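The primary structure of each chain is shown beneath.
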Amino acid sequence: MSEPLAERMRPRTLDDYIGQKHLVGEGAVLRRMIDSGHISSFILWGPPGVGKTTLAQIIANKLDTPFYTLSAVTSGVKDVRDVIEKAKNNRFFGNASPILFIDEIHRFSKSQQDSLLGAVERGVVTLIGATTENPSFEVIRPLLSRCQLYVLKSLEKDDLMELVTRALNEDVELRERDVKLEECGALFRYSGGDARKLLNILQLVVDSESSKEVVITDKLVESRLQQNPLAYDKEGEMHYDIISAFIKSIRGSDPDAALYWMARMIEGGEDPQFIARRLVISASEDIGLANPNALLLANAAFDAVMKIGWPEGRIALAEACVYLATSPKSNSAYCGINDAIQLVKKTGNQPVPLHLRNAPTQLMADLGYHDGYKYPHDYPNNFTPQQYLPDTLKDERLWHAQHTPSEEKQYQQMLKLWGKRFEN
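Here is a short report on the structure shown in this document. If you're wondering where the values come from, they're calculated on a predicted model, not measured in any experiment.

### Side note on a nonpolar patch on the surface
- A cluster of nonpolar side chains, namely Tyr373, Tyr375 and Tyr388, defines an oily patch on the protein surface of about 300 Å² accessible area.
- Looking at the element boundaries, tyrosine 375 is found in the loop between α20 (362-366) and α21 (405-418).
- Judged by relative accessible area, which is 45%, tyrosine 375 ranks as partly exposed.

### Re the pairing of strand β7 (residues 213-216)
- Residues Val214 and Ile216 point to one face of β7 and are all buried, whereas Glu213 and Val215, pointing to the other face, are not buried.
- Here four bridges tie strand β6 (residues 178-181) to β7, and the two strands are oriented parallel to one another. Within β7, the position partnered with leucine 181 by the bridge is isoleucine 216.

### A look at the layout of surface pockets
- Here the largest pocket is characterised by a volume of approximately 660 Å³.
- In terms of residue class, the lining of the largest pocket is built from 13 nonpolar, seven polar and 13 charged.

### Quick look at the pattern of salt bridges
- Counting across every chain of the model gives 17 salt bridges.
- With a closest N to O distance of 3.4 Å, arginine 31 and aspartate 35 form a salt bridge. With arginine 31 and aspartate 35 both in helix α3 (residues 29-36) and four residues apart, the pair spans about one turn of that helix.
- Residue classification places aspartate 35 among the partly exposed positions, given a relative accessible area of 44%.
- Each of the salt bridges in this network shares a partner with another, and the network as a whole consists of Asp15, Glu26, Arg31, Asp35 and Lys62.

### A short note on helix α13 (residues 218-225)
- Listing the buried residues of α13 in full gives Leu220, Val221 and Leu225. Summarising the axial view, the buried residues of α13 lie within an arc of 120°, below the 170-degree limit, and thus occupy one face.
- Looking at the buried positions of α13, the neighbouring elements they touch are α11 (185-191), α12 (195-207) and β7.
- Positive backbone phi, at 50°, marks glutamine 226, one or two positions downstream of α13.

Cut-offs applied
- Residues numbered from 1 in each chain as written.
- Predicted model: local features only at pLDDT ≥ 70, side-chain atom pairs only at ≥ 80, totals over all residues.
- Heavy atoms only, no water.
- Patch = residues over 30% accessible without salt bridge, like charges linked within 9 Å, V, L, I, M, F, W, Y side chains within 5 Å.
- Areas by Shrake-Rupley, 256 points an atom, 1.4 Å probe, with all protein chains shown as cover.
- Salt bridge = Lys/Arg side-chain N within 4 Å of Asp/Glu carboxyl O.
- Helix = DSSP H or I, 4+ residues; strand = E, 2+ residues; numbered from the N terminus.
- Buried < 20%, exposed > 50% of the residue type's maximum accessible area, 1.4 Å probe, protein only.
- Pairing = 2+ DSSP bridges.
- 1 Å grid on protein atoms, 1.4 Å probe; cavity = no way out; pocket = protein on both sides within 12 Å on 5 of 7 lines; lining within 4 Å.
- Points joined across faces, edges and corners; volume = space filled by probe spheres on them.
- Nonpolar A, V, L, I, M, F, W, Y, C, P; charged D, E, K, R; others polar.
- Arc of directions from axis to C-beta.
- Contact = heavy atoms within 4.5 Å.

Below, the structure written as structure tokens:
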């Protein structure tokens, strides 16, 4: 039994590699690194079928250094430690570090990623990771900080045409057939920028024809695949594009567009819980204090999907979708926490003022802990001015009201209590 077409056509050198010119084209960053023979640790992030694993194999062929491969799906901490031990034994003074390629690194648990840290930091191995998920969410920060991140893109129409043409002209088995590419629209549409999927479809269509001559048309491709043309790969780039359009439509107060993109996800087979989670995020990030009920309704829609299932769950999702899109918008809480985090990073661990500290022991009381604290409920309207921020930050402002009808009430309350501090 012969290898699949996608495997037979896998590039062995950078000159045969199709796409990702921004990374491996002449003078591009990865091309220079590979040509120099000096590789630093990096992570390749991109949708399936765009050449992440192939790129790692090309590096393995190009460089004269031990090359180890692990799959995050099947490997555990013990496998990682075994490979690191082998790498230590195979490293010679003056030689480049052995390379460890981890496919689907986003599937590694925190403990598995932790087990890599020391070896990467000391240069025992050079790590190349491949992931279809956003590394900032799936890869622990210490490991991510030790790796460069390179983003791969879905193959464009010209790349796909080059790939098909090369397969028809160079593959030994396809050359034995008389294959003519009359139309390529369906072929490209179903592949979704995924080289492996494109070649698999091409092979399926050719193999399904009994005669030596095969004329590829859109109708032939559609009849052979017989699948939902609206379906999209949940790990692919279209997944991210459509969810982005969905969120932006809600943020932009367009309920028609929001419902359309939700329908695209539903018809494409998206997990309803994923849609529900995005609604909850949108409610807190984009509607926020302008309509606090939005978060309650989004959570209720999430619960409804979990309780009643599908397809009825689509109604609760649609209700929340329209409610969020038609609600007034405010991201003051979102901006406030982001500004607060940046302030913490900038100023470090500022001491808590003594009057805000508890004094459970006599020693702490003697040191002035809790001394001078004013209990707000002992004062009229349950409020009295006092300092709550650290001394060096006492005049900082982090929450800025955006004056929607709902938020205006909160702003006026702050003006009433704090006066000039909130007059901006």
